[in-house]
Amino acid sequence: MMESSTRVIKRLKVNRIKMKSYSKALSFLVKLVSLPLKVGSDNPKKVEFQVACSLLPYLYGYNKATISALYKQAWVETGDFKSALFQHYNNAFGMRVPNVRVWLGVGSHDVTGKGTFSVYNSVTCSLLDRILLDKYNNVNGNMGFDNYLQEVIYIKNYLPEYERNDYWVNITENAPAFNFFFKAIVSVICTTIGVYYITNRLFG
């Protein structure tokens, strides 16, 4: 027996509320952990995204190769994390507003000649929404680098056909390697120690 459209819409709304609450908590944690690494940075939002990308996709079954692919896609989409869409609207992947699936955006932004894009509360929410898109499309996060890119670019059609070949070249040949995991872990440790020390001073 098929679900009625009303029940489906209600279930999607409930899932969205749960995911938004969860994403806010993760965003706060990423902001906290990334604080030590933002000191002296000329692009603190990029650092925040690097921390999120180093830690969160592992929770959803991604491996080192597919996380690298995610990061390189974001690098290409944002022009090394300098685009207005990334800096002002927290959109790291050029994500659009979806019609059906659970979505973590908070609004939309029109870009002349390019269309309407999602607006997010944080770059962490943008990353989580991209992960939700993969889950919605049954994309396996635990595969090889090339296989993952082929899946999202050529099979699941995340891009218009005329953009695909140039996009592939930019990711595989021009985007830098993603080696931020160690820094993120060190920052997690330092932040944990700092919070523990402050808490002890205040309540100990």
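The structure presented is a predicted model; accordingly, all values stated were derived computationally and were not measured. (Residues numbered from 1 in each chain as written. Predicted model: local features only at pLDDT ≥ 70, side-chain atom pairs only at ≥ 80, totals over all residues. Heavy atoms only, no water.)

Peer 1: For this particular structure, what's the right way to read the packing of aromatic side chains?
Peer 2: One pair of aromatic rings is described through two measures. These are the centre distance and the angle between the planes. In this structure the tally under the stated criterion is nine aromatic pairs. Summarising the aromatic geometry, the rings of F49 and F81 are spaced 5.3 Å apart at their centres and angled 40° between planes, so their arrangement reads as tilted. You can see F49 sitting in helix α2 (residues 44-55) and its partner F81 sitting in the loop between α3 (64-78) and α4 (84-89), a full 32 residues away along the chain. Each member of the pair, F49 together with F81, is buried. Put simply, the rings of F49, Y71, F81, F86, F93 and F178 pair up and form one aromatic cluster. Above the ring of F117, the side-chain terminus of R96 is found at 4.1 Å from the ring centroid. In this structure, R130 is placed above the aromatic ring of F93, and the distance from its NZ or CZ to the ring centre is 5.3 Å. (Phe/Tyr/Trp six-rings, centres within 6.5 Å; stacked < 30°, edge-to-face > 60°. Helix = DSSP H or I, 4+ residues; strand = E, 2+ residues; numbered from the N terminus. Buried < 20%, exposed > 50% of the residue type's maximum accessible area, 1.4 Å probe, protein only. Lys NZ or Arg CZ within 6 Å of the ring centre and 35° of its normal.)

Peer 1: When you look at the pairing of strand β1 (residues 107-111) in this model, what are you seeing that I'm missing?
Peer 2: Across a regular strand the side chains alternate sides, sitting on one face of the sheet and then on the other. With five bridges connecting them, β1 and strand β2 (residues 115-119) associate as antiparallel partners. Residue pairing for β2: G107 is matched across the bridge by V119. (Pairing = 2+ DSSP bridges.)

Peer 1: What should I look at first to understand the pattern of salt bridges in this one?
Peer 2: Side chains that differ in charge, positive against negative, can pair when their charged atoms come close. As enumerated under the stated definition, the model contains six salt bridges in all. A salt bridge links D129 to R101; its shortest N-O distance comes to 3.0 Å. You can see D129 sitting in helix α5 (residues 123-136) and its partner R101 sitting in the loop between α4 and β1, a full 28 residues away along the chain. Residue D129 is classed as buried on the basis of its relative accessible area, which comes to 0%. (Salt bridge = Lys/Arg side-chain N within 4 Å of Asp/Glu carboxyl O.)

Peer 1: I keep staring at the packing of helix α6 (residues 145-155) against helix α7 (residues 164-174) and nothing clicks. Help me out?
Peer 2: Angle between the axes and distance between the axes: these two values describe a pair of packed helices. At a minimum axis distance of 11 Å, the contact between α6 and α7 shows a crossing angle of 155°. When the axes of α6 and α7 are compared, the pair comes out roughly antiparallel. Crossing angle aside, the handedness with which α6 passes α7 is right-handed. Each of F145, D146, L149, Q150, I153 and Y154 in α6 lies in contact with α7, whose residues at this interface are R164, N165, Y167, W168, I171 and T172. (Axes fitted to C-alpha atoms, helices over the stretch in contact; angles between N-to-C directions. Parallel < 35°, antiparallel > 145°, perpendicular 65-115°, else oblique. Left-handed = near helix turned anticlockwise from the far one by under 90°. Contact = heavy atoms within 4.5 Å.)

No statement about biological role is implied by the geometric values presented.
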